[in-house]
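Secondary and tertiary structure notes
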Amino acid sequence: MNEGRLTDELATRAWGWKPSSDRFLKPGRGWIPRWRFRPFEEPADAFRLLDAVAHRYTLSCAGRTFTADVQINSRRGKASGTNKARTIAVAVARALGLEVD
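Residues numbered from 1 in each chain as written. Predicted model: local features only at pLDDT ≥ 70, side-chain atom pairs only at ≥ 80, totals over all residues. Heavy atoms only, no water.

1. Side note on the sheet that holds strand β6 (residues 75-81)
- One open sheet holds the 3 strands; their spatial order is β4-β5-β6, and the pairing between them is antiparallel. At either margin of the open sheet sits one strand with a lone partner, and together these are β4 (56-62) and β6. Here the strands of the sheet are splayed against their neighbours by 10° on average, with no regard to which way each runs.
- Two elements, strand β5 (residues 65-72) and β6, share 7 bridges in a ladder whose sense is antiparallel. When the sheet's bridge partners are listed, isoleucine 72 is paired in β6 with arginine 75.
- Taken strand by strand, helix α2 (residues 43-53) contacts β4 and β5, and its axis lies near 150° from that of β4.
- The strands that helix α3 (residues 84-95) touches are β4, β5 and β6; relative to β6, the one it contacts most, it runs at about 155°. (Pairing = 2+ DSSP bridges. Helix = DSSP H or I, 4+ residues; strand = E, 2+ residues; numbered from the N terminus. Axes fitted to C-alpha atoms, helices over the stretch in contact; angles between N-to-C directions. Contact = heavy atoms within 4.5 Å.)

Here you go:
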């Protein structure tokens, strides 16, 4: 699954947002432009996602490599890489059972 589709799935599972062509439709008739939620690029969005869905998580950094270990219910997802936001988003996606490229 590519990053765009993963972002859609993460927003849907975390907050119930419905993806459309250029925005996410929020419950209660609100919306947010797609460029305002980029969990694979923006650390603040990745942390917002992490706080919304994770029951437990561990983040660490060794040199320039970040590692995220995320638990959601009984599932765990783990990822590592040099991009902090992407590492967190991939670990969350894996913990949700999503297939990550």
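2. Some details on the nonpolar core
- In this structure, Leu10, Val70, Ile72 and Val92 are the most contacted members of the largest nonpolar core, which totals 24 residues.
- Going through the elements one at a time, α1 (3-15), α2, β5 and α3 are the ones with two or more residues in this core.
- Here this core gets 8 residues from one element, more than from any other, and that element is α3.
- If we ignore the near neighbours within four places in the chain, the residues touching isoleucine 72 are Val53, Ala54, His55, Val92, Ala95 and Leu96.
- One finds Ala11, Trp17, Phe24 and Ile32 within the second-largest nonpolar core, a separate group that totals 5 residues. (Core = buried A, V, L, I, M, F, W, Y, C linked by side-chain atoms within 4.5 Å. Buried < 20%, exposed > 50% of the residue type's maximum accessible area, 1.4 Å probe, protein only.)

3. Let's talk about the packing of aromatic side chains
- The final tally for this structure, using the stated rule, is 5 aromatic pairs.
- Measuring from ring centre to ring centre gives 5.7 Å for tryptophan 17 and phenylalanine 24, while their planes differ by 40°; the resulting arrangement is tilted.
- Given a relative accessible area of 6%, tryptophan 17 falls into the buried group.
- What makes phenylalanine 24 buried here is its relative accessible area of 0%.
- Taking the centre distance of 5.5 Å and the plane angle of 80° together, the rings of tryptophan 17 and phenylalanine 37 count as edge-to-face. With tryptophan 17 in the loop between α1 and β1 (18-19) and phenylalanine 37 in the loop between β3 (31-33) and α2, this residue pair connects regions lying 20 residues apart in the sequence. (Phe/Tyr/Trp six-rings, centres within 6.5 Å; stacked < 30°, edge-to-face > 60°.)

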